[in-house]
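Structural features, examined
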Amino acid sequence: MIEGLHAALGFLLGLAALLVLGQGPESIILGLLIAAIICAGIDIRRLGAPFRADTGSFQRQEVHQLLDYAWPLVAAQATEIIMQNGDRFLLGSLSGTEALGIFAVAYSLVERRRR
């Protein structure tokens, strides 16, 4: 739900920023950044829950189980991000920002469709 909200808010806020700030990548990035801050704000209480005193004692065994489960997922995602951004930097340096924008939009659409 949060990811869908972020996509919709990012689109709308990006359009609003385009109208206010003018055309440019900065406007779209600003819209997505504001949307990300809003979406993170929705879960701010849950993000801090492990650090509150009223949640009980810290369970070391549970943290180890979570880390054992999560590290392969984090490694796979980090590898994907490095490869994706490497492609974008290479394409941006070779062809310019217009080709990079087309590539980024197409890649994002395919990636969202795949999920």
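This text gives an overview of the structure that appears in the document. Note that the structure is predicted; figures quoted are calculated from it, not measured. (Residues numbered from 1 in each chain as written. Predicted model: local features only at pLDDT ≥ 70, side-chain atom pairs only at ≥ 80, totals over all residues. Heavy atoms only, no water.)

1. Quick notes on the overall build of the chain
The helix and strand inventory of the chain stands at five helices and zero strands. Since a compact globule built from 115 residues should have a radius of gyration of about 13 Å, the 19 Å found for the chain marks it as more spread out than a globular shape. Oriented by its inertia axes, the alpha-carbon framework of the chain measures out at about 55 × 30 × 25 Å. Buried positions account for 10% of the 115 residues belonging to the chain. Carbon and sulfur atoms make up 69% of the accessible area of the chain, which amounts to about 9,500 Å² in all. For the chain, the distance from the average position of its 9 positive side-chain charges to the average position of its 10 negative side-chain charges is 6 Å. (Helix = DSSP H or I, 4+ residues; strand = E, 2+ residues; numbered from the N terminus. Rg over C-alpha atoms; globule rule 2.2 N^0.38 Å. Buried < 20%, exposed > 50% of the residue type's maximum accessible area, 1.4 Å probe, protein only. Areas by Shrake-Rupley, 256 points an atom, 1.4 Å probe, with all protein chains shown as cover. Lys, Arg positive; Asp, Glu negative; His and termini not counted. Charge placed at Lys NZ, Arg CZ, Asp CG, Glu CD.)

2. What about a nonpolar patch on the surface?
The grouping of Leu5, Leu19, Val20, Leu21, Leu30, Leu33, Ile34, Ile37, Ile38 and Ile42 at the surface amounts to a nonpolar patch, some 960 Å² of accessible area in total. Elements with a minimum of two residues in the nonpolar patch: helix H1 (2–21) and helix H2 (25–42). The element that contributes the greatest number of residues to the nonpolar patch is H2, accounting for six residues. Here Leu19 falls in the exposed class, since its relative accessible area comes to 76%. (Patch = residues over 30% accessible without salt bridge, like charges linked within 9 Å, V, L, I, M, F, W, Y side chains within 5 Å. Salt bridge = Lys/Arg side-chain N within 4 Å of Asp/Glu carboxyl O.)

3. Notes on the layout of surface pockets
Think of a ball as big as a water molecule: rolled over the atoms, this probe shows where empty space is left. In this structure, the largest pocket spans a volume of roughly 1,400 Å³. Lining the largest pocket are 31 residues, and of these Leu32, Arg88, Ala104, Val105 and Ser108 sit closest to its centre. Here the lining of the largest pocket gets 10 residues from one element, more than from any other, and that element is helix H5 (residues 97–114). (1 Å grid on protein atoms, 1.4 Å probe; cavity = no way out; pocket = protein on both sides within 12 Å on 5 of 7 lines; lining within 4 Å. Points joined across faces, edges and corners; volume = space filled by probe spheres on them.)

4. Quick look at H1
Helix length check: H1, at 20 residues, gives a terminal C-alpha distance of 26 Å against a target of 28 Å (1.5 Å per residue), a fit within 8%. In the core, the buried residues of H1 are packed alongside H2. Where H1 ends, the next residue or the one after it, Gly22, has phi of about 95°, a positive value. (Expected span 1.5 Å × (residues − 1). Contact = heavy atoms within 4.5 Å.)

5. What to know about the packing of H1 against H2
Where H1 contacts H2, the two axes come as close as 7 Å, and the packing angle between them is 140°. Here H1 lies oblique to H2, going by the angle between them. The two elements H1 and H2 meet at a crossing, and its hand is right-handed. Facing Ile2, Leu5, His6, Leu9, Gly10, Leu13, Gly14, Ala17, Leu18 and Leu21 of H1, the residues of H2 in contact are Ser27, Ile28, Leu30, Gly31, Leu32, Ile34, Ala35, Ala36, Ile38, Cys39 and Ile42. Tallied by class, residues from the contact of H1 with H2 come to 16 nonpolar, five polar and no charged. (Axes fitted to C-alpha atoms, helices over the stretch in contact; angles between N-to-C directions. Parallel < 35°, antiparallel > 145°, perpendicular 65-115°, else oblique. Left-handed = near helix turned anticlockwise from the far one by under 90°. Nonpolar A, V, L, I, M, F, W, Y, C, P; charged D, E, K, R; others polar.)

6. Focus on H2
In this model, H2 (18 residues) spans 26 Å end to end at C-alpha, consistent with the 26 Å of a helix rising 1.5 Å per residue. If you follow the buried residues of H2, they end up packed against H1.

7. A closer look at the environment of Asn85
With respect to the helices, strands and loops of the structure, Asn85 is situated in helix H4 (residues 60–95). Considered as a pair, Asn85 and Ala104 are 19 residues apart in the sequence and their alpha carbons are 9.8 Å apart.

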